[in-house]
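Structural overview for review
Spelled out from the first residue to the last, the chains are:
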Amino acid sequence: DTNNVNNRGAFILFEGCDKAGKSTQAKKLFEYLKNNGHSVELWKFPDRKTTIGQIINEYLANDKDLDDKAIHLLFSVNRWECRKDMKNLLLSGTTLIVDRYAYSGVSYSVAKGLDLDWCCSSDRGLLSPDIIFFMDLTAEAAEKRGGFGEERYEKKSLQEKVRKIFYMLKEKDNDSESLWKVLNANQSVEMLHKRIVESSLKLIENCNQLPLKEDLWK
Ligand code: NYM
Ligand code: MG
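Residues numbered from 1 in each chain as written. Chains lettered and ligands numbered in written order. Predicted model: local features only at pLDDT ≥ 70, side-chain atom pairs only at ≥ 80, totals over all residues.

Remarks on the packing of helix H1 (residues 22-35) against helix H9 (residues 189-206)
For clarity, the cut-off: For helices, the fitted axis covers only the stretch in contact; all axes are lines through C-alpha atoms, and the angles between them, taken along N-to-C directions, range from 0 to 180 degrees. The helix count covers DSSP runs of H or I at least four residues long, the strand count covers runs of E at least two residues long, and both are numbered beginning at the N terminus. Angles are sorted into four bins: roughly parallel if under 35 degrees, roughly antiparallel if over 145, roughly perpendicular if 65 to 115, and oblique for all others. Less than a right angle of anticlockwise turn of the near helix away from the far helix marks a crossing as left-handed, whereas a clockwise turn marks it as right-handed. This entry defines residue contacts through backbone-placed C-beta atoms, with two residues in contact when those atoms are within 7 Å. Each residue gets one of three labels, nonpolar for Ala, Val, Leu, Ile, Met, Phe, Trp, Tyr, Cys and Pro, charged for Asp, Glu, Lys and Arg, and polar for the others, Gly among them.
Here H1 crosses H9 at 55 degrees, and the two axes come no closer than 10 Å. Classified by the angle between their axes, H1 and H9 sit oblique to one another. The element H1 and its partner H9 pack so that their crossing is right-handed. Taken together, the residues of H9 that come into contact with H1 (itself represented by Thr 24, Gln 25, Lys 28, Leu 29 and Tyr 32) are Val 189, Leu 192, His 193, Ile 196, Val 197 and Ser 200. Class assignment of the residues belonging to the contact of H1 with H9 gives a composition of 6 nonpolar, 4 polar and 1 charged.

This is how it looks when you write it as C-alpha coordinates:
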(Lines give C-alpha, C1' and ligand atoms only; values in the text may rest on other atoms or scores of the structure.)
(Ligands and ions follow the chains in the order given, each with its own letter.)
Protein backbone atom coordinates (compact mmCIF):
# COMPACT_ATOMS: atom_id res chain seq x y z
CA ASP A 1 0.00 0.00 0.00
CA THR A 2 2.03 2.92 -1.28
CA ASN A 3 -0.22 5.52 0.38
CA ASN A 4 1.17 4.57 3.75
CA VAL A 5 4.00 7.01 4.48
CA ASN A 6 5.50 4.48 6.87
CA ASN A 7 6.18 2.08 4.05
CA ARG A 8 9.84 1.55 3.65
CA GLY A 9 11.93 -0.69 1.48
CA ALA A 10 13.79 -3.74 2.74
CA PHE A 11 17.56 -3.95 3.01
CA ILE A 12 18.40 -7.36 1.59
CA LEU A 13 22.05 -8.37 1.83
CA PHE A 14 23.99 -11.14 0.12
CA GLU A 15 27.23 -12.22 1.79
CA GLY A 16 29.72 -15.01 1.34
CA CYS A 17 33.13 -15.99 0.03
CA ASP A 18 34.27 -15.42 -3.54
CA LYS A 19 32.50 -17.43 -6.26
CA ALA A 20 29.62 -18.43 -3.99
CA GLY A 21 27.01 -17.11 -6.43
CA LYS A 22 26.04 -13.89 -4.63
CA SER A 23 26.01 -11.71 -7.72
CA THR A 24 24.00 -14.28 -9.71
CA GLN A 25 21.35 -14.56 -7.01
CA ALA A 26 21.26 -10.82 -6.28
CA LYS A 27 20.64 -10.13 -9.96
CA LYS A 28 17.95 -12.81 -10.25
CA LEU A 29 16.17 -11.47 -7.19
CA PHE A 30 16.41 -7.95 -8.57
CA GLU A 31 14.86 -9.02 -11.91
CA TYR A 32 12.13 -10.96 -10.14
CA LEU A 33 11.13 -8.07 -7.87
CA LYS A 34 11.33 -5.52 -10.67
CA ASN A 35 9.15 -7.65 -12.94
CA ASN A 36 6.62 -8.02 -10.16
CA GLY A 37 6.11 -4.32 -9.67
CA HIS A 38 8.41 -3.65 -6.72
CA SER A 39 10.49 -0.52 -6.43
CA VAL A 40 13.95 -2.06 -6.14
CA GLU A 41 17.63 -1.27 -6.73
CA LEU A 42 20.68 -3.50 -6.93
CA TRP A 43 23.83 -2.26 -5.18
CA LYS A 44 27.26 -3.76 -4.91
CA PHE A 45 30.22 -3.21 -2.58
CA PRO A 46 32.90 -2.36 -3.27
CA ASP A 47 31.31 0.30 -5.47
CA ARG A 48 34.24 0.56 -7.87
CA LYS A 49 32.88 3.63 -9.64
CA THR A 50 33.56 6.22 -6.93
CA THR A 51 36.96 7.85 -6.47
CA ILE A 52 37.65 5.61 -3.50
CA GLY A 53 36.22 2.62 -5.35
CA GLN A 54 38.78 3.13 -8.10
CA ILE A 55 41.62 2.84 -5.59
CA ILE A 56 40.03 -0.31 -4.17
CA ASN A 57 39.78 -1.72 -7.68
CA GLU A 58 43.48 -1.11 -8.32
CA TYR A 59 44.30 -2.81 -5.04
CA LEU A 60 42.18 -5.87 -5.83
CA ALA A 61 43.66 -6.13 -9.32
CA ASN A 62 47.14 -6.14 -7.72
CA ASP A 63 48.00 -2.92 -9.53
CA LYS A 64 48.55 -1.16 -6.22
CA ASP A 65 49.73 -2.14 -2.75
CA LEU A 66 48.30 -0.66 0.40
CA ASP A 67 48.70 -1.19 4.12
CA ASP A 68 46.11 -3.72 5.42
CA LYS A 69 44.51 -1.15 7.71
CA ALA A 70 44.45 1.52 5.02
CA ILE A 71 42.60 -0.69 2.56
CA HIS A 72 40.22 -1.85 5.30
CA LEU A 73 39.29 1.76 6.01
CA LEU A 74 38.85 2.54 2.31
CA PHE A 75 36.37 -0.33 1.95
CA SER A 76 34.55 1.09 4.97
CA VAL A 77 34.54 4.66 3.62
CA ASN A 78 33.16 3.25 0.37
CA ARG A 79 30.09 2.18 2.38
CA TRP A 80 29.87 5.39 4.42
CA GLU A 81 29.86 7.51 1.28
CA CYS A 82 26.67 5.70 0.23
CA ARG A 83 24.90 5.71 3.57
CA LYS A 84 22.75 8.77 3.01
CA ASP A 85 21.57 7.64 -0.44
CA MET A 86 20.78 4.17 0.87
CA LYS A 87 18.81 5.62 3.75
CA ASN A 88 16.79 7.94 1.53
CA LEU A 89 15.97 5.14 -0.90
CA LEU A 90 14.85 2.78 1.85
CA LEU A 91 12.72 5.47 3.47
CA SER A 92 11.15 6.34 0.13
CA GLY A 93 10.00 2.74 -0.19
CA THR A 94 12.68 1.28 -2.45
CA THR A 95 13.99 -2.16 -1.57
CA LEU A 96 17.78 -2.42 -1.77
CA ILE A 97 19.48 -5.63 -2.76
CA VAL A 98 23.09 -5.32 -1.72
CA ASP A 99 25.89 -7.60 -2.92
CA ARG A 100 28.48 -7.63 -0.07
CA TYR A 101 28.75 -5.16 2.81
CA ALA A 102 30.46 -4.70 6.15
CA TYR A 103 30.44 -8.44 6.90
CA SER A 104 32.75 -8.94 3.94
CA GLY A 105 34.73 -5.94 5.09
CA VAL A 106 35.46 -7.48 8.47
CA SER A 107 35.83 -11.09 7.33
CA TYR A 108 38.53 -10.46 4.73
CA SER A 109 40.50 -8.07 6.94
CA VAL A 110 40.40 -10.35 9.98
CA ALA A 111 41.41 -13.29 7.79
CA LYS A 112 44.53 -11.28 6.93
CA GLY A 113 45.29 -10.91 10.63
CA LEU A 114 43.67 -7.65 11.75
CA ASP A 115 41.83 -7.41 15.06
CA LEU A 116 38.10 -8.14 14.94
CA ASP A 117 36.96 -5.25 17.12
CA TRP A 118 39.20 -2.79 15.31
CA CYS A 119 37.75 -3.94 12.01
CA CYS A 120 34.14 -3.70 13.17
CA SER A 121 34.55 -0.23 14.61
CA SER A 122 34.87 1.60 11.29
CA ASP A 123 31.52 0.20 10.11
CA ARG A 124 29.72 0.72 13.42
CA GLY A 125 26.62 2.84 12.88
CA LEU A 126 26.04 2.02 9.24
CA LEU A 127 22.54 0.92 8.26
CA SER A 128 21.79 -2.66 9.30
CA PRO A 129 20.43 -5.19 6.82
CA ASP A 130 16.98 -6.67 7.41
CA ILE A 131 18.10 -10.06 6.13
CA ILE A 132 21.42 -11.64 5.22
CA PHE A 133 21.51 -14.41 2.68
CA PHE A 134 24.78 -16.10 3.51
CA MET A 135 25.78 -18.09 0.45
CA ASP A 136 27.87 -20.80 2.01
CA LEU A 137 30.39 -22.65 -0.10
CA THR A 138 33.52 -24.59 0.88
CA ALA A 139 36.83 -23.29 -0.45
CA GLU A 140 37.27 -26.59 -2.33
CA ALA A 141 34.04 -26.03 -4.22
CA ALA A 142 34.82 -22.35 -4.86
CA GLU A 143 38.19 -23.22 -6.32
CA LYS A 144 36.51 -25.29 -9.03
CA ARG A 145 34.32 -22.41 -10.17
CA GLY A 146 35.27 -20.27 -13.15
CA GLY A 147 37.52 -17.27 -12.65
CA PHE A 148 38.75 -18.22 -9.17
CA GLY A 149 42.22 -16.85 -8.50
CA GLU A 150 41.97 -13.81 -10.73
CA GLU A 151 41.90 -11.21 -7.96
CA ARG A 152 43.67 -10.66 -4.68
CA TYR A 153 42.20 -12.82 -1.86
CA GLU A 154 41.10 -15.60 -4.20
CA LYS A 155 43.28 -18.23 -2.55
CA LYS A 156 41.96 -21.34 -0.90
CA SER A 157 43.67 -20.87 2.48
CA LEU A 158 42.46 -17.29 2.85
CA GLN A 159 38.92 -18.16 1.75
CA GLU A 160 38.75 -20.87 4.43
CA LYS A 161 39.60 -18.28 7.07
CA VAL A 162 37.11 -15.79 5.63
CA ARG A 163 34.35 -18.39 5.82
CA LYS A 164 35.09 -19.06 9.52
CA ILE A 165 34.97 -15.36 10.31
CA PHE A 166 31.60 -14.96 8.59
CA TYR A 167 30.33 -17.59 11.03
CA MET A 168 31.89 -15.69 13.94
CA LEU A 169 30.04 -12.55 12.85
CA LYS A 170 26.81 -14.53 12.72
CA GLU A 171 27.38 -15.53 16.36
CA LYS A 172 28.28 -11.96 17.24
CA ASP A 173 24.96 -10.76 15.81
CA ASN A 174 23.43 -13.00 18.45
CA ASP A 175 21.49 -14.27 15.54
CA SER A 176 17.82 -13.73 16.01
CA GLU A 177 17.31 -16.56 13.49
CA SER A 178 15.47 -14.23 11.17
CA LEU A 179 18.48 -12.07 10.25
CA TRP A 180 20.87 -14.70 8.90
CA LYS A 181 19.71 -17.20 6.31
CA VAL A 182 22.51 -19.66 5.68
CA LEU A 183 22.11 -21.20 2.24
CA ASN A 184 24.06 -24.11 0.87
CA ALA A 185 25.46 -22.47 -2.25
CA ASN A 186 26.13 -25.85 -3.80
CA GLN A 187 22.52 -26.19 -4.99
CA SER A 188 21.06 -25.34 -8.35
CA VAL A 189 20.66 -21.66 -9.18
CA GLU A 190 16.88 -22.13 -9.49
CA MET A 191 16.46 -23.91 -6.14
CA LEU A 192 18.37 -21.16 -4.39
CA HIS A 193 16.44 -18.46 -6.21
CA LYS A 194 13.11 -19.95 -5.15
CA ARG A 195 14.08 -19.95 -1.45
CA ILE A 196 15.49 -16.43 -1.69
CA VAL A 197 12.35 -15.08 -3.35
CA GLU A 198 10.13 -16.69 -0.70
CA SER A 199 12.05 -15.18 2.22
CA SER A 200 12.38 -11.81 0.50
CA LEU A 201 8.67 -11.43 -0.22
CA LYS A 202 7.84 -12.27 3.38
CA LEU A 203 10.38 -9.72 4.57
CA ILE A 204 9.22 -6.94 2.25
CA GLU A 205 5.70 -7.37 3.55
CA ASN A 206 6.76 -7.39 7.19
CA CYS A 207 9.36 -4.65 7.24
CA ASN A 208 6.71 -2.06 6.45
CA GLN A 209 6.01 -2.00 10.17
CA LEU A 210 9.62 -1.98 11.34
CA PRO A 211 11.74 1.14 11.76
CA LEU A 212 14.87 1.44 9.65
CA LYS A 213 17.83 0.01 11.55
CA GLU A 214 20.68 2.52 11.71
CA ASP A 215 22.81 0.80 14.29
CA LEU A 216 25.05 -1.80 12.74
CA TRP A 217 27.10 -3.52 15.50
CA LYS A 218 26.13 -0.96 18.13
N1 NYM B 1 36.08 -7.18 0.00
C2 NYM B 1 34.86 -6.66 -0.25
C3 NYM B 1 36.82 -6.77 1.10
O4 NYM B 1 37.92 -7.24 1.33
N5 NYM B 1 36.28 -5.85 1.94
C6 NYM B 1 35.04 -5.30 1.73
O7 NYM B 1 34.60 -4.46 2.52
C8 NYM B 1 34.29 -5.73 0.58
C9 NYM B 1 32.95 -5.13 0.32
O10 NYM B 1 36.71 -7.45 -2.22
N11 NYM B 1 37.33 -10.70 -2.70
C12 NYM B 1 36.69 -8.09 -0.95
C13 NYM B 1 35.96 -9.37 -1.19
C14 NYM B 1 36.26 -9.73 -2.63
C15 NYM B 1 36.69 -8.42 -3.25
O16 NYM B 1 34.48 -8.20 -4.22
C17 NYM B 1 35.81 -7.92 -4.39
P18 NYM B 1 33.65 -8.91 -5.40
O19 NYM B 1 32.27 -9.10 -4.83
O20 NYM B 1 34.33 -10.23 -5.66
O21 NYM B 1 33.70 -7.97 -6.56
MG1 MG C 1 35.25 -11.84 -6.36
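Examining the site of ligand 1
Note the cut-off: We call a residue near a molecule or strand when its C-beta atom, built from the backbone, sits within 6 Å of it.
In the neighbourhood of ligand 1, the contacting residues comprise Asp 18, Phe 45, Pro 46, Leu 60, Phe 75, Arg 100, Ser 104, Gly 105, Tyr 108, Glu 151 and Tyr 153. Ranked by residues supplied to the shell around ligand 1, first place goes to helix H5 (residues 102-111) with 3 residues. Grouping the constituent residues of the shell around ligand 1 by class yields 6 nonpolar, 2 polar and 3 charged.

A look at the sheet that holds strand S3 (residues 95-99)
Here is the rule we go by: Between any two strands, at least two bridges found by DSSP are needed for them to pair.
Spatially, S2-S3-S1-S4-S5 is the arrangement adopted by the 5 strands of the open sheet, whose pairing is parallel. Every interior strand has two partners, whereas the edge strands, strand S2 (40-44) and strand S5 (180-184), have only one. The mean angle between the axes of side-by-side strands here comes to 20 degrees, regardless of whether they run parallel or antiparallel.

Here's the deal with unusual backbone geometry
Spelled out, the test is: Three exposure classes are used. Buried residues have 20 or more other C-beta atoms within 10 Å of their own C-beta, exposed residues have 12 or fewer, and partly exposed residues fall in between, all C-beta atoms being placed from the backbone.
The residue after Phe 45, namely Pro 46, is reached through a cis peptide bond having omega 0 degrees. Examined against the element boundaries, Pro 46 turns out to sit in the loop between S2 and helix H2 (51-60). Located in the positive-phi region is Lys 19, a residue other than glycine, with phi close to 70 degrees. Among the residues examined, Lys 19 registers 22 C-beta atoms within 10 Å and is labelled buried. At Arg 100, a residue that is not glycine, the phi angle is positive and equals roughly 75 degrees. Inspection of the secondary structure assignment puts Arg 100 in the loop between S3 and H5. The exposure class assigned to Arg 100 is buried, which follows from the 22 C-beta atoms found within 10 Å.

Thoughts on H1
Given 3.6 residues per turn, any residue in an α-helix points the same way as the ones three and four places further on. For the record, the criterion: Expected helix span is taken as 1.5 Å per residue step, with the number of steps being one fewer than the number of residues. In this context, the arc is that of the directions from the helix axis out to the C-beta atoms.
The terminal C-alpha atoms of H1, which comprises 14 residues, lie 20 Å apart, in line with the 20 Å expected from a rise of 1.5 Å per residue. Along H1, the residues classified as buried are Lys 22, Gln 25, Ala 26, Leu 29, Phe 30 and Leu 33. Projected down its long axis, H1 shows its buried positions confined to an angular sector of 140 degrees, all on one face. Looking at the buried side of H1, the elements it contacts are strand S1 (11-16), S2, S3, strand S4 (131-136) and H9.

Considering the packing of H5 against helix H8 (residues 156-172)
The contact between H5 and H8 brings their axes to 8 Å, and the two run at 130 degrees. Between H5 and H8, the angle falls in the class oblique. The way H5 lies across H8 gives a crossing that is right-handed. Residue-level inspection shows Tyr 103, Val 106, Ser 107, Tyr 108, Val 110 and Ala 111 of H5 in contact with H8, the latter providing Leu 158, Lys 161, Val 162, Ile 165, Phe 166 and Leu 169. In terms of residue class, the contact of H5 with H8 is made up of 10 nonpolar, 1 polar and 1 charged.

Focus on H5
Across the 10 residues that make up H5, a large majority, 10, are buried. Within the span of H5, buried status applies to Ala 102, Tyr 103, Ser 104, Gly 105, Val 106, Ser 107, Tyr 108, Ser 109, Val 110 and Ala 111. Contacts from the buried residues of H5 go to S1, helix H3 (68-80), helix H6 (116-121), S4 and H8. Phi for Gly 113, located one or two positions after H5, is positive at around 115 degrees.

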